[in-house]
Amino acid sequence: MAHTPVSLVTGATSGIGEVTARELARRGMHVVIVGRNRERTAATVARIKQATGVDVEPLIADLSSQAGVRSVAEAFAQRHTRLDVLVNNAGGFFASRQVSADGIEMTWALNHMSYFLLTNLLLDTLRASAPARVVNVSSDAHRNGRMRWDDLQFSRGYNGWAAYAQSKLANILFSNELARRLEGSGVTSNALHPGFVATRFAHNNGALWGGLMALMQRLWAISPEEGAQTSIYLATAPEVATVSGRYFVKSRATSPAPQAQDMDAAARLWAISERMLVNSAPVPQGGAHSPA
């Protein structure tokens, strides 16, 4: 019996996340969106319903908090037995150093650890739903990124752009290591650069940073509709159904920076990320650990 594909999109209350969710709903998927603010998430649900005639399902959580990530995975599992597409899209830029509820530097907590933990918590469901896809939104900012192995959380000499670029490099390393671990499972993992998109990105950093970013976006940015195209492509296109471990720009596979192709670094990052899980409750076996 044919089933309705189920997708989960994080950071979906505006920008490319909202467009991705809307277009997946338009293509016949049951879409679950994750937002931090209840009112904004409800408004997004209403906009998607108005545009498509389709209801999307909201989940509310702060994904910079590992408890928030776990609450999303738990709520999803209570309602759904399958997951065909996971789009890890939530992210942010922080001009000054902040820490999450878990005491982890905010860029790292939101941009990397939320991808790592949520994917692993949902991995058994993804495997059971195969063929399934994990789509990880990164950025070409990764090309300026370096893994600061001795200080991943920038406790010394914080630089917002350097922290952001490192987190986007981490997205690709994570995506590639996930693809390696999922080889033969029917679940794919790919990363992408959406482009420089006119969204609320970085507008949370006060008048100076927010104003500068808004000006740059007016001058050079593409629309959220354009920016979402590669995410939608990786989530739906038949020709990439079995492609895994690649990096896409403008819906085409391309080579990321050399440091994003270092599989030893990818494995090292995975091990460090496991150690940064703050809750004693483990991720599922076969998720954060290689299958035996």
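Residues numbered from 1 in each chain as written. Predicted model: local features only at pLDDT ≥ 70, side-chain atom pairs only at ≥ 80, totals over all residues. Heavy atoms only, no water.

### Brief notes about the pattern of salt bridges
A full pass over the atoms with the stated rule returns 14 salt bridges. For R82, the salt bridge identified is with D84, shortest N-O distance 2.9 Å. As a salt-bridge pair, D151 and R148 come within 3.3 Å of each other at their nearest N and O atoms. The class for D151 is buried, based on a relative accessible area of 5%. Residues joined in a network through salt bridges with shared partners are R22, E23, R26, R27 and E225. (Salt bridge = Lys/Arg side-chain N within 4 Å of Asp/Glu carboxyl O. Buried < 20%, exposed > 50% of the residue type's maximum accessible area, 1.4 Å probe, protein only.)

### So, the confidence of the model for the protein chain
Residue-level pLDDT values for the protein chain average 90, and 86% of them are 70 or greater. The model gives residues 285-292 a pLDDT under 50, and that stretch makes 20 contacts with residues more than four places away or in other chains. (pLDDT = per-residue confidence, 0-100. Contact = heavy atoms within 4.5 Å.)

### Here's the deal with the nonpolar core
Core analysis: the largest hydrophobic core is formed by 77 residues, its most contacted members being L8, V31 and W108. When residues of this core are assigned to their parent elements, the largest contribution, 10 residues, is made by helix α4 (residues 106-121). Those residues in contact with W108 that lie beyond four places of it in its chain are M113, M147, L152, Q166, S167, A170, L269 and M276. (Core = buried A, V, L, I, M, F, W, Y, C linked by side-chain atoms within 4.5 Å. Helix = DSSP H or I, 4+ residues; strand = E, 2+ residues; numbered from the N terminus.)

### Here we look at the sheet that holds strand β5 (residues 132-137)
Taking strand neighbours across the sheet as the criterion, the eight strands line up as β3-β2-β1-β4-β5-β6-β7-β8 in an open arrangement whose pairing is mixed. Strands with a single pairing partner mark the edges of an open sheet, and in this sheet they are β3 (57-60) and β8 (252-254). Recorded for the sheet is a direction-independent mean angle of 25° between the axes of neighbouring strands. Pairing analysis gives three bridges linking strand β1 (residues 6-10) to strand β4 (residues 85-88), with the strands arranged parallel. (Pairing = 2+ DSSP bridges. Axes fitted to C-alpha atoms, helices over the stretch in contact; angles between N-to-C directions.)

### Side note on the packing of helix α6 (residues 160-181) against helix α10 (residues 263-275)
For any two helices packed against each other, one specifies the inter-axial angle together with the distance between the axes. Remark: α6 packs on α10, axes separated minimally by 9 Å, with the N-to-C direction vectors making an angle of 90°. Taken together, the axes of α6 and α10 are roughly perpendicular relative to one another. Residues A170, L173, F174, N176, E177, L178, R180 and R181 of α6 lie in contact with α10, whose contacting residues are M263, A265, A266, A267, L269 and W270. For the contact of α6 with α10, the per-class residue count stands at 10 nonpolar, one polar and three charged. (Parallel < 35°, antiparallel > 145°, perpendicular 65-115°, else oblique. Nonpolar A, V, L, I, M, F, W, Y, C, P; charged D, E, K, R; others polar.)

### Some words on the packing of aromatic side chains
Enumeration over the complete set of coordinates arrives at eight aromatic pairs. Relative to Y164, the ring of W161 lies with its centre 6.0 Å away and its plane at 90°, an arrangement referred to as edge-to-face. Separated by three residues within a single helix, W161 and Y164 lie in helix α6, roughly one turn from each other. Residue classification places W161 among the partly exposed positions, given a relative accessible area of 36%. Judged by relative accessible area, which is 11%, Y164 ranks as buried. With centroids separated by 6.3 Å and ring planes inclined at 55°, the aromatic side chains of Y233 and F248 adopt a geometry described as tilted. Taken together, the residues Y233 in helix α9 (residues 229-236) and F248 in strand β7 (residues 247-249) connect sequence positions 15 residues apart. (Phe/Tyr/Trp six-rings, centres within 6.5 Å; stacked < 30°, edge-to-face > 60°.)

### Things to note about unusual backbone geometry
A negative phi holds for most residues other than glycine; trans holds for most peptide bonds. Look at the link from A130 to P131: it is a cis peptide, with omega at 5°. Among the structural elements, P131 can be located in the loop between α5 (123-128) and β5. Although it is not a glycine, K250 adopts a positive phi angle of roughly 50°. Residue placement: K250 occurs in the loop between β7 and β8. The exposure class of K250 is exposed, given its relative accessible area of 73%. One non-glycine residue, S251, lies in the positive phi region at around 65°.

### Digging into the environment of P131
By relative accessible area, P131 is classed as exposed at 65%. Residue contacts for P131: discarding those within four places in its chain leaves D84 and G186.

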